[in-house]
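Structural overview
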Amino acid sequence: MAVVADALPFAFAFPPAHTAVMMIDMQRDFLEPGGFGETLGNDVGLLRSALPGARRLLDLAHAQGMTVIHTRECHRPDLSDCPPAKRERGEPRLRIGDAGPMGRVLIAGEPGVEIVAELPILPGDIVIDKPGKGAFYATTLGDILQERGITHLLFGGVTTEVCVQTTMREANDRGFQCLVVEDATESYFPAFKEATLDMMRAQGAIVGWTATSAQIEEAFRA
Ligand code: C5J
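The rules we used
- Residues numbered from 1 in each chain as written.
- Predicted model: local features only at pLDDT ≥ 70, side-chain atom pairs only at ≥ 80, totals over all residues.
- Heavy atoms only, no water.
- Helix = DSSP H or I, 4+ residues; strand = E, 2+ residues; numbered from the N terminus.
- Rg over C-alpha atoms; globule rule 2.2 N^0.38 Å.
- Buried < 20%, exposed > 50% of the residue type's maximum accessible area, 1.4 Å probe, protein only.
- Contact = heavy atoms within 4.5 Å.
- Pairing = 2+ DSSP bridges.
- Axes fitted to C-alpha atoms, helices over the stretch in contact; angles between N-to-C directions.
- 1 Å grid on protein atoms, 1.4 Å probe; cavity = no way out; pocket = protein on both sides within 12 Å on 5 of 7 lines; lining within 4 Å.
- Points joined across faces, edges and corners; volume = space filled by probe spheres on them.
- Nonpolar A, V, L, I, M, F, W, Y, C, P; charged D, E, K, R; others polar.
- Core = buried A, V, L, I, M, F, W, Y, C linked by side-chain atoms within 4.5 Å.
- Parallel < 35°, antiparallel > 145°, perpendicular 65-115°, else oblique.
- Left-handed = near helix turned anticlockwise from the far one by under 90°.
- UniProt positions renumbered as here; feature names shortened; annotations may be inferred.
- Right-handed = clockwise from strand over helix to strand, strands pointing away.

The protein chain carries the name Isochorismatase family cysteine hydrolase in an unreviewed UniProt entry, which gives Terrihabitans rhizophilus as its organism.

**Examining the overall build of the protein chain**
When its secondary structure is counted, the protein chain shows eight helices and ten strands. Relative to the compact-globule value of 17 Å for 222 residues, the protein chain shows a C-alpha radius of gyration of 17 Å, a close match. Its C-alpha atoms put the protein chain at 50 × 35 × 30 Å along the principal axes. Classification of the 222 residues of the protein chain by burial places 53% in the buried group. Long-range contacts, defined as pairs at least 24 residues apart, comprise 73% of the intrachain contacts of the protein chain with a sequence gap of at least 6.

**Some remarks on the sheet that holds strand 4 (residues 67-73)**
In spatial order, the strands read 7-4-3-8-9-10; together these six strands make up an open sheet with parallel pairing. Either end of the sheet is taken by a strand with one partner, and the two such strands are strand 7 (126-130) and strand 10 (209-211). Pairs of neighbouring strands in the sheet enclose a mean axial angle of 25°, with direction left out of account. Helix 7 (residues 190-205) contacts strand 9 (177-186) and strand 10 of the sheet and is inclined by roughly 160° relative to strand 9. The strands touched by helix 8 (residues 213-221) are strand 8 (152-158), strand 9 and strand 10; relative to strand 9, the strand with the most contacts, the crossing angle is about 130°.

**Quick look at the layout of surface pockets**
Considering only enclosed or pocket space, the largest pocket measures out at about 440 Å³ in volume. Lining the largest pocket are 24 residues, and of these Phe 36, Leu 40, Asn 42, Lys 133 and Val 162 lie nearest its centre. Those elements that provide at least two residues to the lining of the largest pocket are helix 2 (36-39), helix 4 (84-88) and helix 6 (160-173). Residue classes in the lining of the largest pocket are distributed as eleven nonpolar, five polar and eight charged.

**A short note on the nonpolar core**
Counting residues in each nonpolar core, the largest one holds 43 residues, and the members touching the most others are Met 26, Leu 154, Leu 179 and Ile 216. For this core, the leading source of residues is helix 3 (residues 51-64), giving six residues. If near-sequence neighbours (up to four positions away) are discounted, Leu 179 is found in contact with Ala 7, Phe 12, Leu 153, Leu 154, Phe 155, Met 168, Trp 209, Thr 210, Ala 211 and Ile 216. One finds Met 22, Ile 126, Val 164 and Ala 171 within the second-largest nonpolar core, a separate group that totals 24 residues.

**A closer look at the packing of helix 3 against helix 8**
Following both chains from N to C, one finds helix 3 and helix 8 inclined at 20°, their axes separated by 9 Å at the closest point. As far as their axial angle goes, helix 8 and helix 3 are roughly parallel. Classified by chirality, the crossing of helix 8 by helix 3 is left-handed. Touching Gly 53, Arg 56, Leu 60 and Gln 64 of helix 3 are Ser 213, Ala 214, Ile 216, Glu 217 and Phe 220, all from helix 8.

**Points about the UniProt feature "domain: Isochorismatase-like" (unreviewed entry) in the protein chain**
Mapped onto the present numbering, the UniProt feature "domain: Isochorismatase-like" (unreviewed entry) falls on residues 19-208. The straight-line gap between the two end C-alpha atoms of residues 19-208 is 14 Å; of that span, 34% is helix and 21% is strand.

**Focus: the pairing of strand 9**
Most of strand 9 is tucked away: eight of the ten residues are buried. The pairing of strand 8 with strand 9 spans six bridges and is classified as parallel. Its bridge partner lying in strand 9, Leu 153 is registered against Cys 178. Considered for its hand, the β-α-β crossover made up of strand 8, helix 6 and strand 9 is right-handed.

Structure representation (structure tokens):
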């Protein structure tokens, strides 16, 4: 067992062989100009501060031989898995499926859907394309975790209060012990990130724990 002694709200113990890193939606469409995040009016540069922590978390997981799962929010080219309510909401400059500088926005196979170059996908990593905010909805994630005997999840990715939080809540309801790595996740809204971390660990870790990537590293060293 590895133990993150200083995790909040109290120590988090996890068995590395039964723990997966869930790196949520670190894709160009959210982190780079011209993608989905920017079309919604966000300053996408804000998300880049999560890259060093996310890389550290992935490097630790790879060094330990842990299961690593990258997710990508995207839709089929014919948009058959994109509810009109999602596509038509708001006044974005480009809607899901429209042609943009990184290809069609949030469409599987387009350049914008790729994971950013700073977080290379290694052989053996699993990549899950998901049409929803939560990674369990309409994917095989649950089956994959069960087949691998995964009981604990370490989360990074973007954005903290949307796809990371939704997936962590889905996982918590399915009985997984979840921790979100504070410096491996980011939001376009700094206050939303802090509020999300607070609400996850409140009430005795009602959704799960939080810790830094340095604290995870320390747990492996100890
Ligand atoms: C959003 C996500 N924010 N990956 N998606 O729409 O958090």
